[in-house]
Amino acid sequence: MNTGLKITAFAAAIAATFGTAYGVGTSIDPVVAKKPPTAHDEHAEAGEGAGGKTAGGHESAPAGGLQISEGGYTLALDTPRVAAGTSSVLSFSVKDESGRKVTAYQREHGKELHFIVASRDLTVYRHLHPTRAADGTWSVRTELPAAGGYRAFADFKPAKKGATGVTLGADLAVSGKAEPAALPPARATAEVDGYRVTLDGALAPGKANELKLTVTKDGKPVTNLQPYLGAYGHLVALRAGDLAYLHVHPNGEPGDGVTEPGPEVSFTATAPSSGAYRLFLDFQHKGEVRTAAFTVDVPAGGSDANTGAKPSAEPGETEEADGHGH
């Protein structure tokens, strides 16, 4: 999982559905043409093929997680529905083109598979670490606090020789009375558990840009971030509307003799298109993993001068983006 980063009418349809109780989830998985990886995208976000020309004439970076099946692999959710506010076990498997459960994976950043769950309104986010049974069934316990539509992502690389990374997505329904929230406003600063994280840099469609996230606590730089899955920070970006997925990792790694353990964590990311995105930064300090969430507006013209972020955040605005399952 190396570096790399439409709003559609689908969002409006989902919002209309959310007006009453949410009970049954229907899988909505668009079939899109495949596109080869870009130079900054050895991971399989590139395989999802949502690329093309943006409004500004740039070649967009392919987006991931839009398909339930891709590259001969399918994400099969055994628990496509759970109840809101209840601790539930999510069970799933990855099946190959013969329908067999995959049992062999390459380890990426300490894990065979990364499992992300996010609400359609992008206010709930979970980066989970499921365990795999010998037969290839994955399971993890978590609690999703709000009813409505969610998207589950499996991010992995098969063990077969020459395999590239794959990101698959499937719809998950959380039952109960759904009251979707508006997308949080764009701001350059997020606060979580007394930590303040400041975002510097911009996303642009089809262009690799550097994003720097600076972590402080009580006004002081945090210079002793701890490695989390082999890095000082993990960044996931989801596009509002269709929840196109991008998983990137920092520039540098612990122990390379160059990368400092804070306060800055640097990423290089390419947006697959213009539009609004939610960025979720996981970082570890004093033995606990926390998540800082940002909304970023990517202009259609491809300008890298405007993130759409305001200079500060309202204290305590963390939504539900701080959940982890280990």
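The structure we're discussing is the one just above.
For clarity, every value in this text was computed on a predicted model and none was experimentally measured.

**Side note on the sheet that holds strand S9 (residues 137-143)**
Right, on to step 1. The 5 strands are arranged S2-S3-S5-S9-S8 in an open sheet whose pairing can be described as antiparallel. Only two strands of the sheet have a single partner each, and these edge strands are strand S2 (69-70) and strand S8 (131-132).
Right, on to step 2. Here S8 runs beside S9; their pairing, made up of 2 bridges, is antiparallel. Residue pairing in the sheet places Thr131 in a bridge with Ser139 of S9.

**Considerations on unusual backbone geometry**
Right, on to step 1. For the peptide bond that leads from Gly262 to Pro263, omega is 0°, which places it in the cis range.
Right, on to step 2. Its identity is not glycine, yet Leu229 carries a phi of approximately 55°, on the positive side.
Right, on to step 3. Structurally, Leu229 can be placed in the loop between strand S15 (220-221) and strand S16 (234-239).
Right, on to step 4. With relative accessibility at 15%, the residue Leu229 sits in the buried group.

**Some words on empty space enclosed by the protein**
Right, on to step 1. Approximately 30 Å³ is the volume attributed to the second largest cavity.
Right, on to step 2. In terms of lining residues, the second largest cavity is bounded by 10 residues, among which Ala63, Ala244, Tyr245, Leu246 and Pro272 are the most central.
Right, on to step 3. Residue assignment for the lining of the second largest cavity shows that the elements contributing at least two residues are S16 and strand S17 (245-248).
Right, on to step 4. Tallied by class, residues from the lining of the second largest cavity come to 8 nonpolar, 1 polar and 1 charged.

Rules and cut-offs
Residues numbered from 1 in each chain as written. Predicted model: local features only at pLDDT ≥ 70, side-chain atom pairs only at ≥ 80, totals over all residues. Heavy atoms only, no water. Pairing = 2+ DSSP bridges. Helix = DSSP H or I, 4+ residues; strand = E, 2+ residues; numbered from the N terminus. Buried < 20%, exposed > 50% of the residue type's maximum accessible area, 1.4 Å probe, protein only. 1 Å grid on protein atoms, 1.4 Å probe; cavity = no way out; pocket = protein on both sides within 12 Å on 5 of 7 lines; lining within 4 Å. Points joined across faces, edges and corners; volume = space filled by probe spheres on them. Nonpolar A, V, L, I, M, F, W, Y, C, P; charged D, E, K, R; others polar.

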